[in-house]
Amino acid sequence: MTPRMNIFFSEGFRVFFLSAGLYAVFAGVIWVIWLTDPFPGGVLGAPQFAVPPQQWHAHEMIFGYASTALGGFLLTAVPNWTGTQAARHLFVILTASIWLAGRVAVWFAMVLPAGLVALLDLAFLPILIVKIAQQLMKRPKPQNVLFVLFLSIVWAGNLMVHLEWMGITADTLDSGMRVGLLGLCSMIGVLGGRVTPGFTRNAMKRADLPEQAWPRSTERLDKAGLALAVILPLALLIGVPAVPVGGLAILSGGVQLVRLSRWSGRWTLNQPILLALHLGMAMLGLGLVLWGLAWIGFGDEVAALHLLGIGAVGGMTLAVMSRAVLGHTGRELIAPGPVAASYLIIAASAVLRWIGSELSGDWYSPLVVGSGLCWVLAFALYTVSVLPLVTTPRLPRAG
């Protein structure tokens, strides 16, 4: 193994956060090609899929892109939470290879047995779950152990999708996609509810701002946000009727928005690396409210799901990954220009996609394609920016 490759596989965030950026660009480009090519398989070479393209697109955003972002985050954060040793080179290489095998299997599902595709695609998260569960048991804090539950929920959603693809069930695919996305959103609610006010407070302290200006939290709101984050995807998973689930989503989104309003967001407007966290949490709260309303019959569900998928999941993972790469490679926590731009571009992607679904008609296609192009551009800027950081040694500590 070359010295650069040895560095690349030395820490989970390096390989998984770069893979997340590369795959986000790849999947986004394929989706835009499919949307804009009037002759699939023809002039522009839009690919043929074993399943409807919309299903491939949704599945790979939820279970392909997001899973590698989770892998990078948890393999880096959990050792810090528990004081345990980080994953070794061999484990990082093995899990990255399994994740990639799942992506290749889904891509070639047209020529592979459905059972093999499911086996390869479903293998990654259980390995990750076992690894972090072993580490978390060294110092088991409930707020951290919850991530094992959330990962299990996401995995269950993926299983539901594959059961229908294999012909074993007839009506679990759509529910599985929703369960997977809501499981991701719950993780964002818990993690974002912790780091967004925390990082903002720390920055305000360093700026010598008075304590009265710092983000404010209340135990009641924090506990409500945590409880709803757990209950909502579980309710969806076990098949609770639409009206109670919609009500839970509206309540969960409302609690997140109230919490966010107390976190001094206006102060972060000139600090992109913090603003990105606030934008991601805003998309989460608003998306949950709109999805809950749509689930009980008011508004467009697809529009709300994309606000969650692009704005909350895409926006928050982009914010956390870029911050983690800077911090763990010894750089100052100031987003480079291209990365700062990517935060706004991913938010624009979410808004364009939401408007496209709400307006429909002649504006639908241009807005959806525009959203896809913004997604690709945002992650291309991120990927180009972090590539030299994750493939070179950590900078020495100052002093």
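I will try to describe carefully the structure that is included in this document. (Residues numbered from 1 in each chain as written. Predicted model: local features only at pLDDT ≥ 70, side-chain atom pairs only at ≥ 80, totals over all residues. Heavy atoms only, no water.)

## Some remarks on the layout of surface pockets
Then step 1. For the largest pocket, the calculated volume is near 830 Å³.
Then step 2. Forming the boundary of the largest pocket are 34 residues, of which Gln54, His57, Ala58, Leu305 and His306 lie nearest the centre.
Then step 3. Ranked by residue count, the leading element in the lining of the largest pocket is helix α12 (residues 301–328), at 8 residues.
Then step 4. Along its surface, the second largest pocket is lined by 18 residues, and Phe73, Val195, Phe199, Ala324 and His328 are the ones closest to its centre.
Then step 5. Within the residue set of the lining of the second largest pocket, elements represented by two or more residues are α3 (53–82), α8 (173–206) and α12.
Then step 6. In terms of residue count, the dominant contributor to the lining of the second largest pocket is α12 (6 residues).
Then step 7. Here the residues of the lining of the second largest pocket are counted per class, giving 12 nonpolar, 4 polar and 2 charged. (1 Å grid on protein atoms, 1.4 Å probe; cavity = no way out; pocket = protein on both sides within 12 Å on 5 of 7 lines; lining within 4 Å. Points joined across faces, edges and corners; volume = space filled by probe spheres on them. Helix = DSSP H or I, 4+ residues; strand = E, 2+ residues; numbered from the N terminus. Nonpolar A, V, L, I, M, F, W, Y, C, P; charged D, E, K, R; others polar.)

## Considering the environment of Leu381
Then step 1. One can find Leu381 in helix α14 (residues 364–390).
Then step 2. On the basis of relative accessibility, which here comes to 23%, the residue Leu381 falls in the partly exposed class.
Then step 3. For the pair formed by Leu381 and Tyr343, sequence separation is 38 residues and the distance between their alpha carbons is 9.9 Å.
Then step 4. Once you skip the residues sitting within four places of it in the chain, Leu381 turns out to touch Pro338, Ala341, Ser342 and Ile345. (Buried < 20%, exposed > 50% of the residue type's maximum accessible area, 1.4 Å probe, protein only. Contact = heavy atoms within 4.5 Å.)

## Observations regarding the side chain of Ser342
Then step 1. Inspection of the secondary structure puts Ser342 in helix α13 (residues 337–359).
Then step 2. According to the relative accessible area criterion, Ser342 is buried, its value standing at 0%.
Then step 3. For Ser342, the side chain forms a polar contact with the main-chain oxygen of Val339, separated by 2.5 Å.
Then step 4. Setting aside anything within four residues of it in sequence, one finds Ser342 in contact with Leu318, Ala378 and Leu381. (Polar contact = N/O pair within 3.5 Å; in protein donor to acceptor, adjacent residues only side chain to side chain.)

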